[in-house]
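Results of the structural survey
Spelled out from the first residue to the last, the chains are:
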Amino acid sequence: MRVLQSEYMYWAKNQPAARFPLSSSEVPACHLDRFPITLADLELDGRSRYRYLPLREAIGRRHGVGPEQVVLADGTSMANMLAMAALITPGDEVLVEHPVYEPMVAAARFLGARIRTFERKAPEFALDPAAIEATLSSDTRLILLTNLHNPSSGLASTEALQASAELAQRVGAHVLVDEVYRDATYPLQPSAVTLGDRFIVTSSLTKCYGLSGIRCGWIIAPPDLAERMWRLNELFGVAQSHAAERLACVAFEHFDEIARPLTDLLPRNRALFNDWLKTRADLDCALLTGGITAFPRLIGASVDDLHRLLREEYETSIVPGAFFGAPDHFRVGMGSATELVGEGLDRLGAALDRLR
């Protein structure tokens, strides 16, 4: 019997809060109540709105597609599940990047996929089409990617994505790209969905915009696949919470202000991390040019020991790399307030010094 569970998600949601949360993978929460909205704007009449068109239009404009290609979902995780459920059947072969965001591969396993992995090599974790080609077979039905790469923030180039799509087309497969971190790049790379109909992409207003509470996620897919995913959405949840849909529309109406951390907070925090990283001979990690997270390899010590020490004596949290299939790495996040990130890095450095 297949069991649906995510070891990482259960761990992440049940960890005690840390004073210096380097385990955080998103920007600070966005307070929508600062915008001029009233209860009437939320249409609190008890009704749901089937395939709510205004929100699909707002999302479509961000991706340069029509609303017929937009499927709404409760966050990126449900978007990934809906997309995979429409694209694979039990026994299908799915190629998964390594290191991998564990909830994605957990969903594929629940759906009965046979998992094969290809490497995104440290420290840059670039997408290498040759690694995909070496793993590809005539049984492959789906290739799973994250871009930016979770956990490392490695960017997949447009050329590498195009080559991946050509490989998928060779065997009649699709490429599913979780783009929830894509907006944390400058200049912004076009969505993979603009590169051809082999691509299906997912995203949300969570990581880059601090709006995890409204669970506004989506899938962009060719219209025929989008319709198949809508029918599955009706099976799983029928429709989204309409109050949350209205709040998401408010967010899109004030998008430039909501996006301010992408051009202010994150560049400052990435520069802080890069300066700190240059002082650490015990870490192997590429400098950050975009993204919210980094994935250093720890040299000469145990990540479990580091995690324990940080929690017990430094009020600081990281994410052990074992959750991504790389136990000698750990993930750190640069999305919190700069003073928290700076002090957290100082404490991480002190703990590393003690381990040495």
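The structure reproduced in this document is the subject of the present report. (Residues numbered from 1 in each chain as written. Predicted model: local features only at pLDDT ≥ 70, side-chain atom pairs only at ≥ 80, totals over all residues. Heavy atoms only, no water.)

Some words on the nonpolar core
Counting residues in each nonpolar core, the largest one holds 97 residues, and the members touching the most others are Leu205 and Met229. Residues contacting Leu205, with those up to four places away along its chain left out, are Gly210, Leu211, Ile214, Cys216, Trp218, Ala248, Ala251, Phe252 and Phe255. By size, the runner-up hydrophobic cluster in this structure holds 23 residues, among which are Leu22, Leu298, Leu309 and Ile318. (Core = buried A, V, L, I, M, F, W, Y, C linked by side-chain atoms within 4.5 Å. Buried < 20%, exposed > 50% of the residue type's maximum accessible area, 1.4 Å probe, protein only. Contact = heavy atoms within 4.5 Å.)

Topic: the pattern of salt bridges
By the definition in use, this model includes 24 salt bridges. For Asp284, the salt bridge identified is with Arg297, shortest N-O distance 3.7 Å. Of the two residues, Asp284 is situated in strand β9 (residues 283-284) and Arg297 in strand β11 (residues 297-298); the sequence distance between them amounts to 13 residues. Overall, the relative accessible area of 28% leaves Arg297 in the partly exposed class. With a closest N to O distance of 2.9 Å, Glu343 and Arg347 form a salt bridge. Of this pair, Glu343 and Arg347 both sit in helix α13 (residues 338-355), 4 residues apart, roughly one helical turn. We classify Glu343 as partly exposed; its relative accessible area is 31%. Its relative accessible area of 17% is what places Arg347 among the buried residues. (Salt bridge = Lys/Arg side-chain N within 4 Å of Asp/Glu carboxyl O. Helix = DSSP H or I, 4+ residues; strand = E, 2+ residues; numbered from the N terminus.)

Some words on the packing of helix α12 (residues 303-313) against α13
Running from N to C, α12 and α13 point in directions that differ by 125°, and their axes come no closer than 10 Å. Overall, the two elements α12 and α13 adopt an arrangement that is oblique. Note on packing geometry: the crossing formed by α12 with α13 is right-handed. Together, Asp305, Leu306, Leu309, Leu310 and Glu313 of α12 and Arg347, Leu348, Ala351, Leu352, Arg354 and Leu355 of α13 make up the contact between the two elements. The class makeup of the residues in the contact of α12 with α13 is 7 nonpolar, no polar and 4 charged. (Axes fitted to C-alpha atoms, helices over the stretch in contact; angles between N-to-C directions. Parallel < 35°, antiparallel > 145°, perpendicular 65-115°, else oblique. Left-handed = near helix turned anticlockwise from the far one by under 90°. Nonpolar A, V, L, I, M, F, W, Y, C, P; charged D, E, K, R; others polar.)

Quick notes on the pairing of strand β14 (residues 330-333)
Neither face of β14 is open: one carries Phe330 and Val332, the other Arg331 and Gly333, and all of them are buried. Here strand β10 (residues 293-294) pairs with β14 via 2 bridges, running antiparallel. Paired with Ala294 across the two strands is Val332, which belongs to β14. Both strand β13 (residues 319-320) and β14 contribute to a ladder of 2 bridges, which runs antiparallel. Within β14, the position partnered with Val319 by the bridge is Arg331. (Pairing = 2+ DSSP bridges.)

Here we look at the packing of aromatic side chains
Taken as a whole and assessed by the stated rule, the structure comprises 11 aromatic pairs. Ring centres 6.0 Å apart and planes at 35° place the aromatic pair Phe273 and Trp276 in the tilted group. Of this pair, Phe273 and Trp276 are both found in helix α11 (residues 265-277), 3 residues apart, which corresponds to roughly one turn of the helix. You can call Phe273 buried: its relative accessible area is 1%. (Phe/Tyr/Trp six-rings, centres within 6.5 Å; stacked < 30°, edge-to-face > 60°.)

What about the environment of Ser137?
Positionally, Ser137 belongs in the loop between α5 (129-135) and β5 (140-146). For Ser137, a relative accessible area of 19% puts it in the buried group. Separated by 128 residues in sequence, Ser137 and Leu265 have C-alpha atoms that sit 43 Å apart. What Ser137 contacts, discounting residues up to four positions off in sequence, is Glu93, Arg116 and Val171. Separated by 2.6 Å, the side chains of Ser137 and Glu93 make a polar contact. (Polar contact = N/O pair within 3.5 Å; in protein donor to acceptor, adjacent residues only side chain to side chain.)

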